[in-house]
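Examination of the molecular architecture
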Amino acid sequence: MSNNVIKNSDEVITKKSKALLKRISTKKNRNQVENALEFSIKMHHGQKRKSGLPFVSHSIDVANILIDWNMDYTTVISALLHDVVEDTEVKLSDIENEFGSDVALLVDGVTKVENIAFRSKEHKQAENFTKLFLSLAKDLRVIIIKFADRLNNMETIQFLSPEKRKEIAMETKEIFVPLAHRLGMAKLKWELEDLSLKCLDIRAFNSIKKKIESSSRSNEDILTNAIKPIKSELNSYKIKSNIFGRYKSISSIHRKINSRGKKFEEIYDLYAIRIIVDKIEECYLALGVIHSIYPPLQDRFKDFVATPKSNGYQSIHTTVLTKDNRLTEFQIRTKEMDQTAEVGVAAHWLYKGNDKLRELDSQVQWLRDLLSMLNSDNSEPEELMDLLKIDMFEDEIFVFTPQGDLIKLPINSTPLDFAFAIHGGLGFTTVRSKVNKKLVPLSYSLKSGDIVEIETNKNQTPNSGWLKFVKTSRAKHEISKYLRKIELEESIKIGNEILEKSLRKLKILDRMPDFKKKYSKAGFKTLNNMLSDIGKGAVIVKDLIPKIFSDLNNNLNKEIEEVEFINRARSDVEGINLDGVKNLVVDYGKCCNPIPGDEVIGYISRGRGLIVHEQSCSNLSSLSSKKDRLVSVNWNAKDDLAFRSKIHITCIDTAGMLNEIANIISRNNVNMLDVSTDVKEGGIANIWIICKVQSRKKLDAVIDDIQKIKNVDSVERVHD
Ligand code: MN
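Residues numbered from 1 in each chain as written. Predicted model: local features only at pLDDT ≥ 70, side-chain atom pairs only at ≥ 80, totals over all residues. Heavy atoms only, no water.

With that settled, consider the coordination of the manganese ion. Looking at the manganese ion, the protein donor atoms are His 58 (NE2), His 82 (NE2), Asp 83 (OD) and Asp 149 (OD), and they sit 2.1 to 2.4 Å from it. Mapped onto the polypeptide sequence, the residues donating to the manganese ion form the spacing pattern H-x23-H-D-x65-D. Remark: His 82 occurs in the loop between helix H5 (73-80) and helix H6 (84-87) and His 58 occurs in helix H4 (residues 56-68); sequence separation between them is 24 residues. Judged by relative accessible area, His 58 falls into the buried class, the value being 2%. Using a relative accessible area of 0% as the deciding quantity, one classes His 82 as buried. (Donors = N, O, S within 2.8 Å, 3.2 Å for Na, K, Ca; no water. Helix = DSSP H or I, 4+ residues; strand = E, 2+ residues; numbered from the N terminus. Buried < 20%, exposed > 50% of the residue type's maximum accessible area, 1.4 Å probe, protein only.)

As structure tokens, then:
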């Protein structure tokens, strides 16, 4: 039956299948590959490429490329299956049952990477895509399969629409070419680069191609003449060598023409002569031979054998002057170096008679360099992990906007971090967010590949609760900055009100504009600084007046003395002379418990002295018949004086609630005197707290803070 699948399929597929199987050396491997081939043919049955060929022909081409690169059979088998999960009914578990977990992991990696919608507008984006690509891949072989896949897609790109062609070519140029370079896959790099250039600028491509063809015909003799003496000299040392001239890639010539502003004919290093020998020592011997025949250019000599490039490239380059006065570049390397230079990282999977990975030993260093180069924080990988695994970027995630832009964030970032990463305005007004179309809390932990949507409302403002879960310093900074700004605005507003009231009471309200202008006399840098300090209670208007209005100095002090009193519990209140007693005893209404900051009025009682009530106190109305006993009073309480006050809290009865409230109160430097609680049916609790506070402002701050506790319904001051 197995043979029938291949025989009975499309003629092209039968042919391609047989050719593929012929390339496989052992019977065991051939059987495994054949199984995968049949599975793929069956599953892709009926699907066609844009070229009109059956879909599976693409999978076979990709497998062939990987055999060219000497990849192991697990990779080759995975290549045959690389599109079945993505494009057919087959599930990953089917692959695992049929071909084992190694193949399943590779196919899964390719499928995940397949789903990245690459879109690179700028270098930074390309860089992020590359990292996302690598972090999703998990195994370098996934990347190598993806490269083979991309190479085949680029080779058959002519069947796609012009727009699609351009898009894929750009993606290839910006993502795959740089990555191939980093992985040391030089041959693949220039193949992909030339294929992209062909798509993106066919005229430039064709013109260079034509020139290479015509000049290589005329250059043939020159090359042969340059090579001849070296070949015979090396022969005399009994060194086997393979020497040939080769043109550089079309795209690299294109780049040279553009960057140097020269014509094709004026560029001397369009081709190089490559010398391939067996051993490293022979590289240096060949170098000596070349320099003994042709004079070298000193500054054009590079020894990448002694010091390999970070992508693993090894070769000796030297540019010499040949007999006919031409500058010619020689590249000398061993066979092994040549292979590494062509297939780069794939060279690590060279198989020799079995599927076992080759020892990686000394070659591992460049991969180490690669990892640290790609790792944005420049932290050296502590030890090289299993070479197959890509565990880098564990501290970063990559998520998408609904438009497909890629945003890099620290691990555990939330939708709010995402919003602030896009721009502050978006962060400030965020109300809800969706991840992969599902509604999530703003504190949700994002994962690589998530698509994040932010819903905003112009009335939304940041609150201090956000600071508890945001991860990025940008979000933290923006939120704190906002909160500080709001606090400042609030205190300026209050400061302005206090100033106005104070000046009105002193009957100098008309001088308020003047007062505001002279803030520097009171030692403030700006008017807002002064107002906010007044608002926060850091300074008292009374203390500022003598500094700002020198003319009022003495007079006013006297006036102020007339209207202030409270810190001096026994003070003279001029103009009030009760039963000849000058020293008034001050007490506070038990009915309203006023505290500094409240609007108050004094009542001269019989026997109890001056009693201070809130102006809104209901008891005052009963006293209104004794209007002559009411006196205007003003607060002048020192900070160390505290007043009794009561708060009523309604909340859901939860463990730790009282504790949290107590913490908040003590954090505000307020003393708690008494607590009573009452839990109603349905788990609603009433809590009454009696405390001693210095001022209304302080009490309001405590109330505000308690209001912010989760599960608190209401907080209010009670006046009994
Ligand atoms: Mn594919």
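Next up on the list: the packing of helix H18 (residues 415-422) against helix H20 (residues 473-505). Two numbers describe how H18 lies on H20: the axes approach to 8 Å, and their chain directions differ by 80°. Overall, the two elements H18 and H20 adopt an arrangement that is roughly perpendicular. In this structure, H18 contributes Asp 417, Phe 420 and Ala 421 to the contact, and H20 contributes Arg 474, Ala 475, Glu 478 and Ile 479. Looking at the contact of H18 with H20, its residues break down into 4 nonpolar, no polar and 3 charged. (Axes fitted to C-alpha atoms, helices over the stretch in contact; angles between N-to-C directions. Parallel < 35°, antiparallel > 145°, perpendicular 65-115°, else oblique. Contact = heavy atoms within 4.5 Å. Nonpolar A, V, L, I, M, F, W, Y, C, P; charged D, E, K, R; others polar.)

It is worth spelling out the sheet that holds strand E16 (residues 643-652) at this point. Strand order in the open sheet formed by 4 strands is E17-E18-E16-E19, with antiparallel pairing between adjacent strands. Edge positions in the sheet fall to strand E17 (671-679) and strand E19 (712-718), since each of these pairs with one other strand and no more. Across the sheet, the mean angle from the axis of one strand to that of its neighbour is 20°, orientation sign disregarded. Relative to strand E18 (residues 684-693), E17 runs antiparallel, the two sharing 8 bridges. Paired with Asn 671 across the bridge in E18 is Lys 692. (Pairing = 2+ DSSP bridges.)

Of all hydrophobic cores here, the largest spans 59 residues; its most connected members are Leu 66, Trp 69, Leu 81, Ile 95 and Phe 147. Of the residues forming this core, the biggest block, 9 residues, is contributed by helix H10 (residues 140-155). If we skip the residues at most four places from it in the chain, Ile 95 touches Phe 39, Leu 81, Val 84, Val 85, Val 90, Gly 100, Val 103, Ala 104 and Val 107. One finds Ile 257, Val 289, Ile 293 and Phe 330 within the second-largest nonpolar core, a separate group that totals 36 residues. (Core = buried A, V, L, I, M, F, W, Y, C linked by side-chain atoms within 4.5 Å.)

Here the focus is the side chain of Lys 646. The residue Lys 646 is located in strand E16 in this model. The contacts of Lys 646, once residues within four sequence positions are left out, are Trp 688, Ile 689, Ile 690, Glu 716, Arg 717, Val 718 and Asp 720.

Running from N to C, H20 and helix H22 (residues 527-536) point in directions that differ by 80°, and their axes come no closer than 6 Å. Classified by the interaxial angle, the pair formed by H20 and H22 is roughly perpendicular. Only Asn 528, Leu 531, Ser 532, Ile 534, Gly 535 and Lys 536 of H22 make contact with H20, whose side of the interface consists of Leu 488, Ser 491, Ile 492, Ile 494, Gly 495, Asn 496, Ile 498 and Leu 499. Of the residues belonging to the contact of H20 with H22, the class tally is 7 nonpolar, 6 polar and 1 charged.

Strand order in the open sheet formed by 3 strands is E9-E8-E10, with antiparallel pairing between adjacent strands. Each end of this open sheet is capped by a strand with a single partner; those strands are strand E9 (438-440) and strand E10 (452-456). Neighbouring strand axes in the sheet, compared pairwise and without regard to direction, differ in orientation by 35° on average. Two elements, strand E8 (residues 430-435) and E10, share 5 bridges in a ladder whose sense is antiparallel. The residue of E10 that forms the bridge with Lys 434 is Glu 453. Most of the contacts of H18 go to E10, to which it runs at about 80°, and overall it touches E8, E9 and E10.

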